[in-house]
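Now for the letters of each chain:
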Amino acid sequence: MLPFLEENKDLLKYSSFHTPATARHFFELRDKSDIEKLPDISRFAQAHDLPIVFLGSGTNVVFAFETFEGVIVRNMLKWVEYIQNTVRVAGGELVSPLSLQVSERQESSLFGKWIGLPGTVGGAVAGNAGCFGFEAKDAALEVSIFDIGTGQYISLRNSELDFSYRHSLLKENPDWFLVDAIFRTDLVSDDTTDPRTFRSGKQPGGFTCGSFFRNPPGDSAGRLIDQVGLKGHRIGGVKISELHANFFVNDEKGTHKDILALRDLAKQKVREMFGVELQEEARIIENR
Ligand SMILES: Cc1cc2nc3c(=O)[nH]c(=O)nc-3n(C[C@H](O)[C@H](O)[C@H](O)COP(=O)(O)OP(=O)(O)OC[C@H]3O[C@@H](n4cnc5c(N)ncnc54)[C@H](O)[C@@H]3O)c2cc1C
């Protein structure tokens, strides 16, 4: 056993769904030197045939287990360094305060569109998060990755990250831990909509992971779920929001089983009525 791993860690507060879950093994990076411990964790996991999952703020995941038989590695690394028209920022930094900071330095900053976007820089780059016409791919110049399998650092430029809708190459490489990213800060937007006002009027609060499904090409998952009559539908402690049908809200101490049952129902109804196969945007983390 590795002395720095925590055992049987309660994960309730580590996903924005707040469902009950524990991790058999858990590690939180708080200091840059903690990165050096990742190869040991990788060897430990390999020796015991255990999966490793990186976690930021857990705002785009479902813990689909009671106990995760593996290692959850949560990233709390934080640093921000401005260099001319760029910012180098640690993967564990929260996107929304960063966005506010950048927009205070640069008038009408496109980066300001991320104010109110939950989660960390690591999660945003991994999933090419975006809103109001601004995605990670628009501003990310370069990222630094630590490959926990080889113990080597890799530097990748934007064009090498295979960014597309809610996707980047990080999603295909489970050994790649995003250490930090360099973004340009000089992009401007002529759209004056305040993202905070928009979100508070159109999206529900509470325990949710944001959009549960990806939007199918040319359509919106929320519209389809609304059309099949599931707005407000509840299973156990989780319901489909009346405000936005692509938001599942855990408002009555629900479990991952409630979330997955709602997911299955929404998929089935949309498939039957529209012949469309909805794909999860949230990452469903399961035991092997
Ligand atoms: C209310 C609400 C509104 C939302 N609105 C939006 C929106 O408008 N647009 C949008 O795109 N998303 C939205 N989301 C989803 C979420 O905010 C984003 O997906 C966010 O970028 C996830 O960041 P995170 O740190 O929480 O990642 P997590 O949920 O912790 O992880 C997500 C994925 O990223 C990977 N990951 C995280 N950190 C690292 C790392 N350091 N290295 C490698 N991989 C890593 C994880 O393994 C996982 O696969 C919303 C969520 C909520 C709760």
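Parameters at a glance
- Just so you know, the residues in each chain are numbered from 1, in the order the chain's sequence is written.
- The model is predicted, so local features are restricted to residues of pLDDT at least 70 and side-chain atom pairs to those at 80 or more, both for listing and for counting; the totals for chains, interfaces and linings are taken over all residues.
- Derived side-chain values reflect all non-hydrogen atoms in the structure, with water molecules and hydrogen atoms excluded from consideration.
- It suffices for a single heavy atom of a residue to lie within 4 Å of a molecule or strand for the residue to be listed as near it.
- For the purposes of these results, a polar contact is taken to be a pair of N or O atoms within 3.5 Å, where, inside protein, one atom must be able to donate a hydrogen and its partner to accept one; residues adjacent in sequence count only when each atom of the pair is a side-chain atom.
- For the accessible areas, the method is Shrake-Rupley and the probe is 1.4 Å, while residue cover comes only from the protein chains on display.
- Strands here are runs of E lasting at least two residues and helices are runs of H or I lasting at least four, both read from the DSSP assignment and numbered beginning at the N terminus.
- Gly is put with the polar residues, along with every residue not named as nonpolar or charged; the nonpolar set is Ala, Val, Leu, Ile, Met, Phe, Trp, Tyr, Cys and Pro, and the charged set is Asp, Glu, Lys and Arg.
- Think of a salt bridge as a Lys or Arg side-chain nitrogen and an Asp or Glu carboxyl oxygen that are within 4 Å of each other.
- Residue exposure (1.4 Å probe, protein chains only): buried if accessible area is under 20% of the type maximum, exposed if over 50%, otherwise partly exposed.
- Residue contacts are counted whenever heavy atoms from the two residues lie within 4.5 Å of one another.

Caption draft 1: Up close: the site of the ligand. Around the ligand, a shell composed of 30 residues is seen, among which Phe-54, Gly-56, Thr-59, Thr-120 and Gly-130 lie nearest. In the environment of the ligand, an oxygen atom lies 2.6 Å from a nitrogen or oxygen atom belonging to the side chain of Thr-59. At a separation of 2.7 Å, a nitrogen atom of the ligand approaches a polar backbone atom of Gly-130. Contact with the protein chains removes 91% of the 990 Å² of surface that the ligand exposes when unbound. At the level of elements, β3 (52-55), α3 (121-126), β8 (130-131) and β12 (176-184) are the ones that each hand at least two residues to the shell around the ligand. In terms of residue class, the shell around the ligand is made up of 14 nonpolar, 13 polar and 3 charged.

Caption draft 2: The pattern of salt bridges, seen in detail. Scanning all chains against the criterion turns up 27 salt bridges. Arg-74 is paired through a salt bridge with Glu-28; the nearest N and O atoms lie 2.6 Å apart. Note that Arg-74 is positioned in strand β5 (residues 67-75) and Glu-28 in strand β2 (residues 22-29), a separation of 46 residues in sequence. Taking relative accessible area as the criterion, Arg-74 reaches 14% and is therefore assigned buried.

Caption draft 3: Quick peek at unusual backbone geometry. Positive phi outside glycine occurs at Ser-108, with the angle close to 55°. Of note, Ser-108 is situated in the loop between α2 (95-105) and α3. Notably, Asp-162 is not glycine yet its phi reads approximately 50°, a positive angle. Positionally, Asp-162 belongs in the loop between β11 (152-157) and β12. Residue classification places Asp-162 among the partly exposed residues on the basis of a relative accessible area of 42%.

Caption draft 4: Highlighting the environment of Ser-99. Positionally, Ser-99 belongs in helix α2. In this structure, the C-alpha to C-alpha distance between Ser-99 and Phe-274, residues 175 residues apart in sequence, is 38 Å. Not counting the four nearest positions on each side in its chain, Ser-99 is found in contact with Phe-111, Gly-112, Lys-113, Trp-114 and Ile-115.

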